[in-house]
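So you can see what is in the structure, the chains are spelled out below.
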Amino acid sequence: MRTSLACLMKPVLHGYFRSSCSWRVRIAFALKNIEYDQIPVNLVKDGGQQLTDQFKALNPMKQVPAVTIDGITLSQSLAIIQYIDETRPGPRLLPADPKRRAQVRMISDLIASGIQPLQNLYVIQKIEAEKVQWAQHFINRGFEALEPILKQTAGKYCVGDEISMADICLVPQVYNAQRFKVDINQFPTIKQLNQALMELEAFKVSHPSCQPDTPDDLRT
Amino acid sequence: MKTVTLTDQFKALNPMKQVPAVTIDGITLSQSLAIIQYIDETRPGPRLLPADPKRRAQVRMISDLIASGIQPLQNLYVIQKIEAEKVQWAQHFINRGFEALEPILKQTAGKYCVGDEISMADICLVPQVYNAQRFKVDINQFPTIKQLNQALMELEAFKVSHPSCQPDTPDDLRT
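Please read these numbers as outputs of a predicted model, since none were measured by experiment. (Residues numbered from 1 in each chain as written. Chains lettered and ligands numbered in written order. Predicted model: local features only at pLDDT ≥ 70, side-chain atom pairs only at ≥ 80, totals over all residues. Heavy atoms only, no water.)

A. Spatial organisation of the pattern of salt bridges. Residue and element names in this part refer to chain A. On inspection of all chains with the given rule, the structure shows 13 salt bridges over all chains. Across the salt bridge formed by E35 and K10, the nearest N and O atoms sit 3.9 Å from each other. A residue pair is termed long-range when its members are at least 10 positions apart, and E35 in the loop between α2 (20-31) and β2 (37-40) and K10 in the loop between α1 (2-8) and β1 (12-15) qualify at 25 residues. The salt bridge partner of D85 is K32, with a shortest N-O separation of 3.0 Å. Taken together, the positions of D85 in helix α4 (residues 77-87) and K32 in the loop between α2 and β2 put the pair 53 residues apart, joining distant regions of the chain. K32 matches D85 in its accessibility class, with the two residues each being buried. Among the ionic contacts, a cluster of salt bridges with common partners joins K10, E35 and D37. (Salt bridge = Lys/Arg side-chain N within 4 Å of Asp/Glu carboxyl O. Helix = DSSP H or I, 4+ residues; strand = E, 2+ residues; numbered from the N terminus. Buried < 20%, exposed > 50% of the residue type's maximum accessible area, 1.4 Å probe, protein only.)

Next comes the structure, spelled out in structure tokens:
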């Protein structure tokens, strides 16, 4: 009984409008047409609301996103996304074919382990000198690897012709790249995929510029 | 090892110029967790991820905490880029990650990281504890992590794959 009541409640996303990892989860919810509630966690206000004991109880790593769903709390965006995919109907977020599925995970992990953690707020704050150069370095390094990989795997989207978790990871990382003034014209496949994906409703409604916690001066 | 990963030959296998890269069934894959899940999904034998979706999510959460939240911040490439106090940097990120992992594992662990079956979470934990020890992090601070690591190191799969007995292990590090 308790489990089914929990399943009747809407999932709750604890995130930040500009967190690329939170945006990934928002995209996944949108693609699956899942209604959810958002509880904003401001990463800069009050020294960072992710550092409160209250939030730490949800995610001891003190990072967004954290999602409460079906009576459990999950952190790590790719774990959340795959859970949603495996338990909700709607378009697949990972391909049925095992090789394509592995390519989707490889691309997602290249971004989620190989780029984003090296340029997130926490790490940037720890770097003493030349924060922008540090971030640009790791984004460029990752995109230089991703470009030839995507040339091999991409059809209409990152892997073949179906939207996947790889696309979900790509768009927020391109947004981060642009914030750090990385020139994405160097990466034509990445640029073209990003443009195609930003035409899609799920990527638009979840965009940082139009979330409940988007500051007025950044709203479009 | 560093020299080899920067060669054009290796870059063709993995443009990210990192290990591991695996050639299997006619394709080349990089990113260890993508490789591991591909192996699990295409080969018979014990499951490396649970059947239950919630447990499976917990396995991925723990694996990603390590593979995205700890290891990339203390790997060779990043450590080389840090100008001062490399050991302190590595210790900081390992401690931070283990401080989060300890209460998570207290909730999820049975005999192993998630319940009583070995999973990808255990596969990620043991090598990260080894790294922690290399950087002189005191894992007595993390009793659940310590105890799980000890239990896992009793198992054949974790022993035969250990860094101390690989084909390329230097003689002075072989046991």
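B. Broad picture of the packing of aromatic side chains. Applying the stated criterion across every chain, the model contains 10 aromatic pairs over all chains. Ring geometry for F143 of chain A and F187 of chain A: centres 5.5 Å apart, planes at 85 degrees, overall edge-to-face. Of this pair, F143 of chain A sits in helix α7 (residues 131-153) while F187 of chain A is found in the loop between α8 (165-179) and α9 (188-197), placing the two residues 44 residues apart along the sequence. A relative accessible area of 0% means that F143 of chain A is categorised as buried. A ring pair is formed by W89 of chain B and F93 of chain B, whose centres lie 4.9 Å apart and whose planes are at 50 degrees; its orientation type is tilted. Here W89 of chain B and its partner F93 of chain B are both found in helix α7 (residues 86-108), 4 residues apart, which amounts to about one turn of the helix. Here W89 of chain B matches F93 of chain B in class, with each residue buried. (Phe/Tyr/Trp six-rings, centres within 6.5 Å; stacked < 30°, edge-to-face > 60°.)

Read these as layout, nothing more, since geometry by itself doesn't imply function.
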